[in-house]
Amino acid sequence: MFKANRWTRDLALALGLVLALAAGQAVAKPDPRQVVQEVTDEVMRVLDEHGEEIVGDPVALYEKLAPVVEPHIDYDRIGARILGPHWRDADAQTRERFVTEFQRSLLRTYASSMEDYTGVDVRILGSRQRDGGVQVGMEVGSGDSRARILYRLEEREEAWKLVDVTAEGVSLIHNYREDFRSRLRDKDLETVIEEMAQRNRDIGFE
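Just so we're clear, the structure is a prediction, and the values are computed from it rather than from any experiment.

Visitor: Even after reading the chapter, I still don't get the overall build of the chain, so can you show me in this structure?
Guide: Secondary structure summary: the chain contains 8 helices and 5 strands in total. Tracing the chain from N to C terminus, the helices and strands come up as α-α-α-α-α-α-β-β-β-β-β-α-α. When the 206 residues of the chain are sorted by exposure, 51% land in the buried category. Here the contacts in the chain between residues at least 6 apart in sequence split such that 60% fall between residues at least 24 apart. Here the chain displays about 10,100 Å² of accessible surface, and carbon together with sulfur accounts for 43% of that area.

Visitor: How should the packing of aromatic side chains be read in this particular structure?
Guide: The relative placement of two aromatic rings is captured by the distance of their centres and the angle of their planes. The final tally for this structure, using the stated rule, is 6 aromatic pairs. Both rings, one in Phe 98 and one in Phe 180, keep their centres 5.4 Å apart while their planes meet at 70°; by these two values the pair is edge-to-face. Here Phe 98, found in helix H6 (residues 92-113), pairs with Phe 180, found in helix H7 (residues 172-183); they are 82 residues apart in sequence, far enough to count as distant. Its relative accessible area of 2% is what places Phe 98 among the buried residues. By way of ring pairs, the aromatic residues Trp 87, Phe 98, Phe 102, Tyr 176 and Phe 180 are connected into one cluster. One residue, Arg 183, lies across the ring of Phe 180, its end atom 4.4 Å from the ring centre.

Visitor: Looking at this model, I keep getting lost on the environment of Glu 178. Mind explaining?
Guide: Relative to the elements of secondary structure, Glu 178 occurs in helix H7. Judged by relative accessible area, which is 35%, Glu 178 ranks as partly exposed.

Visitor: Could you clarify how one ought to interpret the sheet that holds strand S5 (residues 170-171) in this entry?
Guide: Whenever strands of a sheet pair, they do so through backbone hydrogen bonds, lying parallel or antiparallel. Taken in spatial order, the 5 strands of this open sheet run S1-S2-S3-S4-S5, and their pairing is antiparallel. Single-partner strands in this sheet number two, and they are strand S1 (121-130) and S5. Inspection of the sheet shows strand S2 (residues 133-142) paired to strand S3 (residues 145-155) by 9 bridges, in the antiparallel sense. Across the sheet, the residue bridging to Glu 139 is Arg 148, located in S3.

Visitor: Explain the environment of Arg 128 to me, please; I cannot follow it from the model alone.
Guide: Along the chain, Arg 128 falls in strand S1. Overall, Arg 128 belongs to the partly exposed group, its relative accessible area being 47%. Distance from Arg 128 to Arg 33, taken between C-alpha atoms, is 9.5 Å for residues 95 residues apart in sequence. Discounting residues that sit within four places of it in the chain, Arg 128 has contacts with Gly 133, Val 134 and Gln 135.

Definitions and limits used
- Residues numbered from 1 in each chain as written.
- Predicted model: local features only at pLDDT ≥ 70, side-chain atom pairs only at ≥ 80, totals over all residues.
- Heavy atoms only, no water.
- Helix = DSSP H or I, 4+ residues; strand = E, 2+ residues; numbered from the N terminus.
- Buried < 20%, exposed > 50% of the residue type's maximum accessible area, 1.4 Å probe, protein only.
- Contact = heavy atoms within 4.5 Å.
- Areas by Shrake-Rupley, 256 points an atom, 1.4 Å probe, with all protein chains shown as cover.
- Phe/Tyr/Trp six-rings, centres within 6.5 Å; stacked < 30°, edge-to-face > 60°.
- Lys NZ or Arg CZ within 6 Å of the ring centre and 35° of its normal.
- Pairing = 2+ DSSP bridges.

Note that every value here comes from positions in space, so none of it alone points to a role or purpose.
Here it is in structure tokens:
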């Protein structure tokens, strides 16, 4: 198992995101909390087995986790909430490009935050109905450094899918909505997507 010695809020948010994104892997489970527990165990197993390969390497991280998580995220819902009118005005190809580069950026954040840390203790908390979906709590950390994560899933015809993650009171949707609102103040969406794509290419994505 790879070692680490420090946690940051970005790491907590990103780890919570990865675990939450994977929650849709078990399709048609009646209890979202149980689904989260099962998939959390699997994600931690992957990190234990391949930690040395993927630590600090966002491309390797993407290759290990993307096949698991990609089909189980409601990207349309997330994109629409982050971009607002810019999403509504975008064509299908632009939306697809945004989704691709946005996911890579999230995994890039996760990989860059992973540094030598000792084992991770994950505890699934309770769940409750919230905003038309189910919110599941998680406590994650090491030693005295722990973070509370809440992620919200909504039921679709085929599975439960992620629509938001909140870590230490910071909502993924709110955080990125403000970020993109600032970027789009003086630039169009195509330019912003290309800037994301270039940053991703700079670290090895093709």
